[in-house]
Amino acid sequence: MRVSYLCSAICIGFLILPCSAFLPNVFQGQVLRHSKYDDFRITKRYAEKNSKTNRRDKPHHSAESSVPRREFFQRSGAATAASLSFFSSAKSEARGLVKFPCNDYEFQNTYHFFRAGESLLEEEGIWSTNPLFLTNRESALSPKGIEQVEEMCKKLRSDGVAPTIVRYSLAASAIDSSNIIGRELKIGRDRLVPEFNFMDPRAIGSWDMSRLNVTLDAVWAMDVDEAGKDGKGGRPPSNDDGTPHETLSDQVVRLQNLISVLETQYSGDTVLLVFPDGTGPALLTCLIGGIPLNRVHEFEYQNGEVRLNITYESAHSLLASEPSTEYLDAISRGRNKLQSLLEHPDEVLNVREQQYEEELRKEAEMKAAQAADQENARKQAEKLEMTKDRTSQADMVQRLSFDGNIALVAGLTAAGVVGSVSLFKGDDNQDSDLTEKEENIIQSSEQGVGGELMETESRNGDGQIGSPDIFPETALSSSDTSKNNSKTVSIEMRPTSNTSQENTWNLDEDDGGEAWLGTLNDIIKEEDDQGSYQETQKQPRDSNGQINGGSSVFE
């Protein structure tokens, strides 16, 4: 830098030199004026006269004209040397690109570094570095992160630190953190300045959106073993979704531009830089202090951590002589994890892709289960339909068999009733009619189920033929058909339904037949007693009320 200033002074001296060609006699006159003030005008005229004579009659290298020029060159050389000494001793105040390390550079501002509070993704243990997704609200502050930022603000107030500029990344967690800082520390919105890309975290390629406990230690180990002092080694594997895969030196370019812009944009301010990750502020600290970049993770910031007034001296004060035991253990674990990651490059580490594949798998299982349920329902419906068909066929066969048996029993019973009546009444014609009616009843019972059996009988006497219900579905009705006490007996047979699922009728089962026959006998006996009583009342009696002849009804 001093060499450039020296060259500038030399150029200025040579620019002044041609202008002095017109001034030699003037210098001489000024000298004579100071030495002989009273004869100044005479000396000046003499100099003008001699100059005219010399220009006309004498050569230019005469002794009279060469003396003033020699003095001029001597004096101009002295002036050039003085200017060079002035520029070489003056300290430069120019601003431009800041060069690292900053051991001989004095910052125009005071810089505090702060890492934003814990984000929602970090709460889930997910590492997100793609710059396209940093503004998503899934990267916003978690409840714990909000508390961390508020605690940091309390610490700044207690230490008497009042930032005048808050420069924050466009990551969602950094935006939320800057808003809390502005509210808690009473900083105006015009002093909260976003930084669009210079504060972006280092992108890790195909390891983006992976689990922190899987890849964080591996990246640290890779930087320690491969990055080198300038951070040009240790590049993560590439990705096909647009996520960059950067080394530490790629992030260095952004950070150098950041600090240079701040130095040219502000002067005398207290600048609080809000980073979304812990490696960014640690890397800038190493750059300012001239610390090898493969030791950057020894300066790693935790969520909500702030470090004040970062300079060359403070950066070296943070550097421990020996790394901590926890750091060495993390590097040891990271080497094993890094080897596993490199041996299985096709393994899916993206948590969102894993969740999406899990959703697809569950959806496929759900569809398969629904299809299986529909198939089972269809089979059950077919089986139920077949069972209904078989049941209906069995019921029809059983009903035919059962109703046939009922009809046969009813026919035989009716025949027995008619025979009993004819026996008691002793009517020959009536016996022949009953015989025909018995045959008709038997034939109708054998021909079909559900038919109606009609029996008509005419009697001269007052007796009645009563027939009880064979079953609840059987009705017995009688009506007078003639004035001579002729009766009509109707026996109506209705089909009965049997809901039993058996295919055969169990003849040994109690079907109520015995109770029905007992009821029938009681009815017949009651009718016979009533008929006998009526016949007795019709017989002639004597004066004492006795029946003449004393004959019995059954004689």
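Before any of the text, the structure's been laid out above.
Note that the structure is a prediction, hence the values are computed from the model and not measured. (Residues numbered from 1 in each chain as written. Predicted model: local features only at pLDDT ≥ 70, side-chain atom pairs only at ≥ 80, totals over all residues. Heavy atoms only, no water.)

1. With respect to the overall build of the protein
Inference 1: Broken down by element type, the protein carries 15 helices and 10 strands.
Inference 2: Scored against the burial criterion, the 555 residues of the protein give a buried share of 36%.
Inference 3: A separation of at least 24 residues holds for 73% of the contacts in the protein among residues at least 6 apart in sequence.
Inference 4: Counting every atom, the protein has about 33300 Å² of accessible surface; 53% of that belongs to carbon and sulfur. (Helix = DSSP H or I, 4+ residues; strand = E, 2+ residues; numbered from the N terminus. Buried < 20%, exposed > 50% of the residue type's maximum accessible area, 1.4 Å probe, protein only. Contact = heavy atoms within 4.5 Å. Areas by Shrake-Rupley, 256 points an atom, 1.4 Å probe, with all protein chains shown as cover.)

2. Re the nonpolar core
Inference 1: Core analysis: the biggest nonpolar cluster contains 32 residues, and Phe 113, Leu 273, Phe 275 and Leu 284 have the highest contact counts within it.
Inference 2: Breaking this core down by element, the ones donating at least two residues are β1 (110-115), α9 (248-265), β6 (270-275) and α10 (279-289).
Inference 3: Aside from chain neighbours lying at most four places away, what touches Leu 284 is Phe 100, Phe 113, Leu 255, Leu 273 and Phe 275.
Inference 4: Judged by nonpolar contacts, the second largest core, of 21 residues, contains Met 152, Val 161, Ala 171 and Ile 187. (Core = buried A, V, L, I, M, F, W, Y, C linked by side-chain atoms within 4.5 Å.)

3. Some thoughts on the sheet that holds strand β3 (residues 165-169)
Inference 1: Judged by pairing direction, the sheet is mixed, and its five strands sit side by side in the order β4-β3-β6-β1-β7 without closing on themselves. Each edge of the open sheet carries a strand with a single partner, namely β4 (192-195) and β7 (306-307).
Inference 2: Summarising the sheet, β3 and β6 pair through four bridges and their orientation is parallel. Bridge pairing in β6 places Arg 167 opposite Leu 273.
Inference 3: Lying on the sheet, helix α7 (residues 172-184) is in contact with β1, β3, β4 and β6; it crosses β3 at an angle near 160°. (Pairing = 2+ DSSP bridges. Axes fitted to C-alpha atoms, helices over the stretch in contact; angles between N-to-C directions.)

4. Description of the packing of helix α6 (residues 143-159) against α7
Inference 1: Interhelical geometry of α6 versus α7 gives an angle of 40° and a closest axis separation of 10 Å. In terms of orientation, α6 and α7 fall into the oblique class. Here α6 and α7 pass one another in a crossing that is right-handed. In this structure, α6 contributes Ile 146, Val 149, Glu 150, Met 152, Cys 153 and Arg 157 to the contact, and α7 contributes Ser 177, Ile 180, Ile 181, Arg 183 and Glu 184.
Inference 2: Here the contact of α6 with α7 is composed, by residue class, of six nonpolar, one polar and four charged. (Parallel < 35°, antiparallel > 145°, perpendicular 65-115°, else oblique. Left-handed = near helix turned anticlockwise from the far one by under 90°. Nonpolar A, V, L, I, M, F, W, Y, C, P; charged D, E, K, R; others polar.)

5. Focus on a negative patch on the surface
Inference 1: Together, Asp 240, Asp 241, Glu 353 and Glu 357 make up a negatively charged patch on the protein surface.
Inference 2: Since its relative accessible area comes to 45%, Glu 357 is described here as partly exposed. (Patch = residues over 30% accessible without salt bridge, like charges linked within 9 Å, V, L, I, M, F, W, Y side chains within 5 Å. Salt bridge = Lys/Arg side-chain N within 4 Å of Asp/Glu carboxyl O. Lys, Arg positive; Asp, Glu negative; His and termini not counted. Charge placed at Lys NZ, Arg CZ, Asp CG, Glu CD.)

6. A closer look at helix α8 (residues 212-227)
Inference 1: Taken together, the buried positions of α8 are occupied by Thr 215, Asp 217, Ala 218, Val 219, Trp 220, Ala 221, Met 222, Asp 223 and Ala 227.
Inference 2: Close packing links the buried residues of α8 with β2 (126-127), β5 (210-211), α9 and α12 (325-343).
Inference 3: One or two positions beyond α8, positive phi appears at Gly 228, with a value near 80°.

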